[in-house]
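Single-letter residue listing:
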Amino acid sequence: MSHGHWTDVARAVGLLAPDGAVSSTIFAEMSALATRTGAVNLGQGFPDVDGPAHLKAAAIAAIERGDNQYPPGAGIPALLDAVATHQRRCYGLEVDPATEVLVTAGATEALAATILALAGPGDEVVTLEPFYDSYTAAIALSGATHRTIPLRPTPEGFRLEAADVEAAFSPRTRLALVNSPHNPTGTVLTADELSLIARAAIAHDAVVVTDEVYEHLTYDAQHVPMATLPGMAERTVTISSAGKTFSFTGWKVGWLHGPAELVTAVRTVKQFLTYVASGPFQHAVAVGLADEDGRTGEYVTGLARSLQERRDLLCGALTEAGFAPVVPRGTYFVVADGAGLGYEDAVDLCRDLPKRAGVVAIPVTAFCTPGGEVARQLRAYVRFTYVKHEATLEQAARGLARLGGQGRLGG
């Protein structure tokens, strides 16, 4: 990679200051602030409890029986079969485990390998905006151009508009990356909204890549995989992982499936990234996805129910504090407008929150194109996570209560 290309990538992900110096991201800044102040960290979205005990036992058993060397390049056969079985059982999708499934080091590697395999200089990759930060980096590494479809706040949550979808696609569109359930907004796209993207992808002969890592963590909404829509299975690469569904984010077991020729292209790139990963954990995730005794399904159902309760607790606390939360329909996250607290810029609000409320969060502009339309529209919005112990959220709620009736710090 040339120095100039590295500079372009670093700028795309916010790692270069205007003077060219390497800078830290807002994520690193907020995490350091939480450590320094002892504030409740609602900025990072990872569980503070482990997932099902029987999956931990399966991982230990795999280690003890010696499954500790390189697994097969595509993934262990049991997990390939389990992914195909899961997609058939949950969504009615028929997937060939031998040619249409690939195991990856989490969904992040699956996304990066797919973008690098299928897009390059001269191509355009369309995402929703706000967008998960790794998308920008992978698109920049590929040399493609990043275009976006705004998710616009409405009284019914963040929604897509047909005109925005049409405007984002062009003859150069190679990929459309769709994240639903959506991080950071918690939006679960409807079948009608997905159909807008599907029609545009078909019209421009684009491949759709889906990030479905929160597929089972929805509330009062149904996740619809893009590959289930008419004409889309043959042009969709579906990506998910065990991290969010089973609360084992550190295991880094992800997967993708799609048409064999696309999966082969992605595997060609993936073999020069991690090659393989997470050998014994693949065996445990296979047990979870196969769910032959129903224990995993019971766990996931209970997790979604618990997250909905924790979502409601945090949304209530945010409302009492003077925020205007947009109630999420899925994921670990809620975004809330902080303008009612006297802040035009959520970056300033997030820097003040630890001392004002003992809480750390992330400004939504960290997930937007700097200076763009969406960043301007969401300038006062903040992202919080609720995938924490109820006691932790109650502590955060007590801190947020101190904001009620206060103006801006020093104002």
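Thresholds applied
Residues numbered from 1 in each chain as written. Predicted model: local features only at pLDDT ≥ 70, side-chain atom pairs only at ≥ 80, totals over all residues. Heavy atoms only, no water. Buried < 20%, exposed > 50% of the residue type's maximum accessible area, 1.4 Å probe, protein only. Helix = DSSP H or I, 4+ residues; strand = E, 2+ residues; numbered from the N terminus. Pairing = 2+ DSSP bridges. 1 Å grid on protein atoms, 1.4 Å probe; cavity = no way out; pocket = protein on both sides within 12 Å on 5 of 7 lines; lining within 4 Å. Points joined across faces, edges and corners; volume = space filled by probe spheres on them. Nonpolar A, V, L, I, M, F, W, Y, C, P; charged D, E, K, R; others polar. Domains from an automatic or database assignment. Contact = heavy atoms within 4.5 Å. Buried area = accessible area lost by both parts, 1.4 Å probe. Salt bridge = Lys/Arg side-chain N within 4 Å of Asp/Glu carboxyl O. Polar contact = N/O pair within 3.5 Å; in protein donor to acceptor, adjacent residues only side chain to side chain. Expected span 1.5 Å × (residues − 1). Arc of directions from axis to C-beta. Phe/Tyr/Trp six-rings, centres within 6.5 Å; stacked < 30°, edge-to-face > 60°. Lys NZ or Arg CZ within 6 Å of the ring centre and 35° of its normal. Axes fitted to C-alpha atoms, helices over the stretch in contact; angles between N-to-C directions.

With respect to the pairing of strand β12 (residues 333-337)
Phase 1 of the analysis: Buried residues dominate β12, accounting for five of its five residues.
Phase 2 of the analysis: Neither face of β12 is open: one carries Phe333, Val335 and Asp337, the other Val334 and Ala336, and all of them are buried.
Phase 3 of the analysis: Two strands pair when backbone bridges link them, and strand β11 (residues 324-326) and β12 are joined in this way by three bridges, in the antiparallel orientation. Following the sheet pairing, Pro325 is matched in β12 by Ala336.
Phase 4 of the analysis: The antiparallel pairing of β11 with β12 creates a hairpin that spans six residues between the two strands, and Thr331 there sits at a positive phi of about 75°.
Phase 5 of the analysis: In this structure, β12 lies alongside strand β15 (residues 381-385), joined through five bridges in antiparallel fashion. Each bridged residue has a counterpart across the sheet, and for Val335 the counterpart in β15 is Arg383.

Re unusual backbone geometry
Phase 1 of the analysis: The peptide bond linking Glu129 to Pro130 adopts the cis configuration, its omega dihedral lying at 10°.
Phase 2 of the analysis: Along the chain, Pro130 turns up in the loop between β3 (124-129) and α6 (133-142).
Phase 3 of the analysis: For the bond from Ser180 to Pro181, the omega torsion is -5°, close enough to zero to count as cis.
Phase 4 of the analysis: As for its position among the elements, Pro181 is in the loop between β7 (173-179) and α8 (191-203).
Phase 5 of the analysis: We note that Lys252 has phi near 55°; this positive angle belongs to a residue other than glycine.
Phase 6 of the analysis: Its relative accessible area of 36% is what places Lys252 among the partly exposed residues.
Phase 7 of the analysis: Positive phi values are uncommon outside glycine, yet Asp291 reaches one of about 50°.
Phase 8 of the analysis: With respect to the element layout, Asp291 can be found in the loop between α11 (279-290) and α12 (295-321).

Overview of the layout of surface pockets
Phase 1 of the analysis: Here the second largest pocket is characterised by a volume of approximately 590 Å³.
Phase 2 of the analysis: Lining the second largest pocket are 30 residues; nearest its centre among them are Gly45, Thr108, Tyr132, Tyr214 and Lys244.
Phase 3 of the analysis: Of all the secondary structure elements, the ones that give two or more residues to the lining of the second largest pocket are α2 (26-37), α5 (106-118), α6 and α9 (242-246).
Phase 4 of the analysis: For the lining of the second largest pocket, a count of residues per class yields 13 nonpolar, 12 polar and five charged.

Topic: the domain arrangement of the protein
Phase 1 of the analysis: Considered domain by domain, the protein is made up of domain 1 (5-49 + 297-404) and domain 2 (53-293).
Phase 2 of the analysis: Between domain 1 and domain 2, the C-alpha centre-to-centre distance is 24 Å.
Phase 3 of the analysis: Contact residues are listed per partner, giving 36 residues for domain 1 and 37 residues for domain 2.
Phase 4 of the analysis: Overall, the association of domain 1 and domain 2 removes approximately 3100 Å² of surface from exposure, summing both partners, and the carbon and sulfur fraction of that is 61%.
Phase 5 of the analysis: Sorting the residues of domain 1 by area buried against domain 2 places Arg329, Thr331 and Phe367 first, and these three jointly supply 21% of that buried surface.
Phase 6 of the analysis: The tally of links between domain 1 and domain 2 comes to one salt bridge.
Phase 7 of the analysis: The shortest N-O distance in the salt bridge between Arg152 and Glu373 comes to 3.0 Å.
Phase 8 of the analysis: Taken together, the links from domain 1 to domain 2 amount to 14 residue pairs in polar contact (both at pLDDT 80 or more).

Some details on α2
Phase 1 of the analysis: With 12 residues, α2 ought to run about 16 Å at 1.5 Å a step, and its terminal C-alpha atoms sit 16 Å apart, in line with that.
Phase 2 of the analysis: Residues Ile26, Met30, Ser31, Leu33 and Ala34 constitute the buried set of α2. End-on, the buried residues of α2 take up no more than an arc of 155°, which puts them together on one face. Exposed and facing more than 90 degrees away from the buried side of α2 are Thr35 and Arg36.

Quick word on the packing of aromatic side chains
Phase 1 of the analysis: Summed over all chains, the structure comprises 10 aromatic pairs.
Phase 2 of the analysis: A connected cluster of aromatic rings, assembled from ring pairs, spans Tyr214, Tyr332 and Phe333.
Phase 3 of the analysis: Sitting over the ring of Phe333, Arg383 keeps its end group 3.8 Å from the ring centre.
Phase 4 of the analysis: Lying over the aromatic face of Phe46, Lys388 brings its terminal NZ or CZ to 3.8 Å of the ring centre.

Examining the sheet that holds strand β4 (residues 145-150)
Phase 1 of the analysis: In space, the seven strands of this open sheet follow the order β2-β10-β9-β8-β7-β3-β4, with mixed pairing throughout. Strand pairing shows two members of the sheet lacking a second neighbour, β2 (101-104) and β4, which therefore form its edges. Within this sheet the neighbouring strands show an average axis-to-axis angle of 20°, counted without direction.
Phase 2 of the analysis: Sheet strands touched by helix α4 (residues 77-91): β2, β9 (236-241) and β10 (254-257). Its angle to β2, the strand with the most contacts, is close to 115°.

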